[in-house]
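Each chain, written out:
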Amino acid sequence: MDYHVKDLSLAEKGVLRIEWAEKEMPVLRQIRKRFEEEKPLKDVRIAACLHVTTETANLMITLKAGGAEVYLTASNPLSTQDDVAAALVKEFDIPVFAIHGEDRDTYYQHLYAVLDKKPNITMDDGGDLISTLHKEKQNLLDNVYGGTEETTTGVIRFKAMEKDGVLKFPVIAVNDAYTKHLFDNRYGTGQSTIDGILRATNRLLAGSVFVVAGYGWCGRGVAMRAAGMGAEVIVTEVDPLKALEARMDGFRVMPMIEAAKIGDFFVTVTGNINVIDKHHFEVMKDGAIVANSGHFDVEINIRALEELSISQRDIRDNVREYRLPDGRNIYLLAEGRLVNLAAAEGHPASVMDMSFANQALSAEYIYKNHNSLKPKVYKVPDELDFEVARLKLNAMGIQIDQLTDEQKEYLSSWEHGT
């Protein structure tokens, strides 16, 4: 296949939405301008498995401006924006293999399609490209210089592969860049998760009990935004440090089994499996609304909910009602998939601007340095992280101080004392 999208006639709408997002992505615009002049990725084949959104489209256009051959597939069956996919194919000549709502078989056919282009660099959001390469397409590994990973979930997977000695090429953990996780995970996930819940339910958050499972950067953002909407926020955690931080930030902290009895809304953002399980559903209130904003649809034990229920129906777009034998109803949003992308549009463009700037610069870094990189997970080099922050400040018209020579000498010396 040269491409596989829903409908090319949607392209005109997609172009307008890509332009709208691009207006809020000044860092990527600055990188694209340099890429157009220098062509640092000339003839490099890049396979990307990312959410097919307007922001991702601008990253693909930037990579192509840098000389790369770019192939894009979706990292989640429900996150594809079909008009954007059509626009990339028709107006920007970038092959896309993604259809909103595709089944699992089609999802993997699309993964195979971009991998069969024999990529030199992979870009992952969740790790499916790299894991598929290692498990099913090992004959293509020799072509790969390295990869990048956008999410906490994917970074965890690749660090496990590195620990087991099976990772075959270097991976840059874009997720761990300060300009990514601080802004994307906290502000992006915080706002877009609330956006997805509100679009799906049209329920009032003020005065409700809102349970957040996990207090990493994403959980911090969701809790902060829910509290800002007037909800009483409860955090559940397994990490004592994060639990303590949540309490010091003003939130109630308790085990999920206790929170399950009083929560009105539940959001999982842990990256782990069965965070909300059968015994939690058994004590939830009638009308409890359950959503996931972690990458994979494993954080909520949907099979257990199905087994507990006596009937199910789709009551609204992205809202499935499960009726239990005692008459209680529990509502699952977006099939337990990423509610911020399945029921809304994902992160605002101004946030993804920094995340995708890190992706573009990391791809350039891999190409220039792959001969010296080992098959392990690397953090984004500080100089790239600082460059993204500098470009963002420049775009915002903000200037900062510079260290004087005297200050540099003082900070590098051990001889100064009281």
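Check the entry above for the structure.
Just so it is clear, the structure is predicted and the values come from calculations on it, not from any experiment.

The topology assignment puts I273 in the loop between β10 (265-268) and α12 (278-281). Since its relative accessible area comes to 52%, I273 is described here as exposed. Along the chain, I273 and I300 lie 27 residues apart, while their C-alpha atoms are 7.2 Å from each other. If sequence neighbours within four positions are ignored, I273 has contacts with V298 and E299.

Taken as a whole and judged by the stated rule, the model has 24 salt bridges. When the shortest N-O distance is used, the salt bridge between K137 and D116 registers 3.0 Å. With K137 in the loop between α6 (128-136) and β5 (146-149) and D116 in the loop between α5 (104-115) and β4 (121-124), this residue pair connects regions lying 21 residues apart in the sequence. Under the relative-accessibility criterion, K137 is labelled buried at 18%. Note on D116: relative accessible area 45%, which makes it partly exposed. Via salt bridges that share partners, R17, D83, D195, R199 and E345 belong to a single interconnected network.

Taking strand neighbours across the sheet as the criterion, the seven strands line up as β3-β2-β1-β4-β5-β6-β15 in an open arrangement whose pairing is parallel. Taken across any chain shown, the strands that pair with only one partner, and hence form the sheet edges, are β3 (96-97) and β15 (377-379). Two elements, strand β2 (residues 69-74) and β3, share two bridges in a ladder whose sense is parallel. Looking at β3, one finds that T73 is bridged to F97.

Below, the discussion takes up the packing of helix α2 (residues 26-38) against helix α3 (residues 54-65). Between α2 and α3, whose axes approach to 8 Å, the crossing angle comes to 20°. Here α2 is positioned roughly parallel relative to α3, judged by the angle of their axes. As α2 runs across α3, the sense of the crossing is left-handed. Residues L28, I31, R32, F35 and E36 of α2 touch α3, and the partners they reach there are N58, L59, I61, T62 and A65. Its residues placed into classes, the contact of α2 with α3 shows six nonpolar, two polar and two charged.

Turning to the packing of aromatic side chains, a few remarks are in order. According to the stated counting rule, one finds six aromatic pairs in the structure shown. Look at Y107 and Y108: their rings are 5.3 Å apart centre to centre, the planes differ by 85°, and that puts the pair in the edge-to-face class. Centre to centre, the rings of Y215 and F251 are 6.1 Å apart; their planes meet at 70°, and the pair counts as edge-to-face. One end of the pair, Y215, is in the loop between β7 (209-213) and α9 (217-228); the other, F251, is in the loop between α10 (240-248) and β9 (252-253), and 36 residues separate them in sequence. Residue classification places F251 among the buried positions, given a relative accessible area of 10%. Note that K376 overlies the ring of Y378, its terminal NZ or CZ placed 5.3 Å from the centroid.

Together, M396, I398 and I400 make up an exposed nonpolar region whose accessible area comes to about 300 Å². Looking at the secondary structure, you find I400 in the loop between α16 (382-395) and α17 (405-412). I400 sits in the exposed class, given a relative accessible area of 55%.

What follows is about the sheet that holds strand β8 (residues 232-236). Strand order across the open sheet formed by eight strands is β9-β8-β7-β10-β11-β14-β13-β12, with mixed pairing between neighbours. Edge strands, defined here as strands with exactly one partner in the open sheet, are β9 and β12 (311-316). Bridge analysis of β7 against β8 gives five bridges, and the strand direction is parallel. If you follow V211 over to β8, its bridge partner there is I234. Sheet strands in contact with helix α8 (residues 178-201) are β7, β10, β11 (288-292), β12, β13 (319-323) and β14 (329-333), and its direction is about 135° off that of β10.

On to the side chain of D125, then. By the element assignment, D125 lies in the loop between β4 and α6. Although D125 is buried, it forms no salt bridge, and the closest oppositely charged side chain is K180 at an N-O distance of 6.8 Å. Ignoring any residue separated from it by four or fewer positions in sequence, one finds D125 in contact with C49, L50, H51, S75, E149, E150, T151 and H295.

Okay, the state of the cysteines next. Summed over all chains, the structure comprises zero disulfides. There is no disulfide at C49, and the cysteine sulfur nearest it, in C218, is 18 Å away. Assessed through its relative accessible area of 0%, C49 is described here as buried.

The rules we used
- Residues numbered from 1 in each chain as written.
- Predicted model: local features only at pLDDT ≥ 70, side-chain atom pairs only at ≥ 80, totals over all residues.
- Heavy atoms only, no water.
- Helix = DSSP H or I, 4+ residues; strand = E, 2+ residues; numbered from the N terminus.
- Buried < 20%, exposed > 50% of the residue type's maximum accessible area, 1.4 Å probe, protein only.
- Contact = heavy atoms within 4.5 Å.
- Salt bridge = Lys/Arg side-chain N within 4 Å of Asp/Glu carboxyl O.
- Pairing = 2+ DSSP bridges.
- Axes fitted to C-alpha atoms, helices over the stretch in contact; angles between N-to-C directions.
- Parallel < 35°, antiparallel > 145°, perpendicular 65-115°, else oblique.
- Left-handed = near helix turned anticlockwise from the far one by under 90°.
- Nonpolar A, V, L, I, M, F, W, Y, C, P; charged D, E, K, R; others polar.
- Phe/Tyr/Trp six-rings, centres within 6.5 Å; stacked < 30°, edge-to-face > 60°.
- Lys NZ or Arg CZ within 6 Å of the ring centre and 35° of its normal.
- Patch = residues over 30% accessible without salt bridge, like charges linked within 9 Å, V, L, I, M, F, W, Y side chains within 5 Å.
- Areas by Shrake-Rupley, 256 points an atom, 1.4 Å probe, with all protein chains shown as cover.
- Lys, Arg positive; Asp, Glu negative; His and termini not counted.
- Disulfide = S-S within 2.5 Å.

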